[in-house]
Amino acid sequence: MALKELTSRNLKVSRNFKDLANSFAKNPVTKDLIVLKDTAAIRQAMKNLVLTSPGEKLFQSDVGSKTYQLLFEPLDPFTVDTLKDEIVQTLKNFEPRIEILTVDVTAVDDYHELRVDVEYRIIGQPLVQTVDFILQRAE
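Caption draft 1: The arrangement of helix H4 (residues 77-94) in detail. Its 18 residues give H4 an end-to-end C-alpha distance of 26 Å, which sits within 8% of 26 Å, the value for a rise of 1.5 Å per residue. Here H4 has its buried residues at Thr 79, Val 80, Leu 83, Glu 86, Ile 87, Val 88, Thr 90 and Leu 91. Where H4 is buried, its residues contact helix H2 (38-51), helix H3 (67-70), strand S3 (98-108), strand S4 (113-122) and strand S5 (128-136).

Structure representation (structure tokens):
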């Protein structure tokens, strides 16, 4: 009975998370690929989800967001709100390890870029984390 209570879906416990760094750089001592752990692994996964277009990931054509398509729309408040909604929906659908608190998208007209700040909490941990990145049109 106690084992069933511990494995219940109602119990949300944070685990250890690992992922390979996107740079595929080697550790200078062990010559192994660098491994990101916990917060850094989740932060990288969030960026990858937002920056991946649907259909780009093999055998998982629905994974990703339409952020790159929205970058070529007029830079107005409507586009900023649509982009914010797209980021929230993508992270809610494909990143179950986090709880999104706020997403802030700010247009910087001088540089034709959008600054994205996401505040989130890892499920099972009380600390609020932040990930920020810049979306820019590729020229």
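Past the structure itself, the notes keep going.
Caption draft 2: Molecular detail of the sheet that holds S3. Strand order in the open sheet formed by 3 strands is S3-S4-S5, with antiparallel pairing between adjacent strands. This sheet does not close on itself; its edge strands, each paired only once, are S3 and S5. Taken over all neighbouring pairs, the strand axes of this sheet differ in orientation by 15° on average, direction set aside. Looking at chain direction, S4 and S5 are connected through 9 bridges and run antiparallel. Residue Glu 113 lies in a different strand from S5, and its bridge partner there is Gln 136. Where H4 meets the sheet, it contacts S3, S4 and S5, and its direction lies at approximately 155° from that of S3.

Caption draft 3: Highlighting the side chain of Thr 67. Among the secondary structure elements, Thr 67 is positioned in helix H3. Once residues lying within four places of it in the same chain are set aside, the contact partners of Thr 67 are Val 50, Leu 83, Ile 87 and Leu 135.

Caption draft 4: Seen up close, the confidence of the model for the protein. When pLDDT is averaged across the protein, the result is 82; 86% of the residues are at 70 or more. When pLDDT is averaged over each helix and strand of the protein, the minimum, 45, is found for helix H1 (residues 2-6) and the maximum, 94, for H4. In the predicted structure, residues 1-8 sits below a pLDDT of 50 and forms 1 contact with residues beyond four places in sequence or in another chain.

Calculation notes
Residues numbered from 1 in each chain as written. Predicted model: local features only at pLDDT ≥ 70, side-chain atom pairs only at ≥ 80, totals over all residues. Heavy atoms only, no water. Helix = DSSP H or I, 4+ residues; strand = E, 2+ residues; numbered from the N terminus. Expected span 1.5 Å × (residues − 1). Buried < 20%, exposed > 50% of the residue type's maximum accessible area, 1.4 Å probe, protein only. Contact = heavy atoms within 4.5 Å. Pairing = 2+ DSSP bridges. Axes fitted to C-alpha atoms, helices over the stretch in contact; angles between N-to-C directions. pLDDT = per-residue confidence, 0-100.

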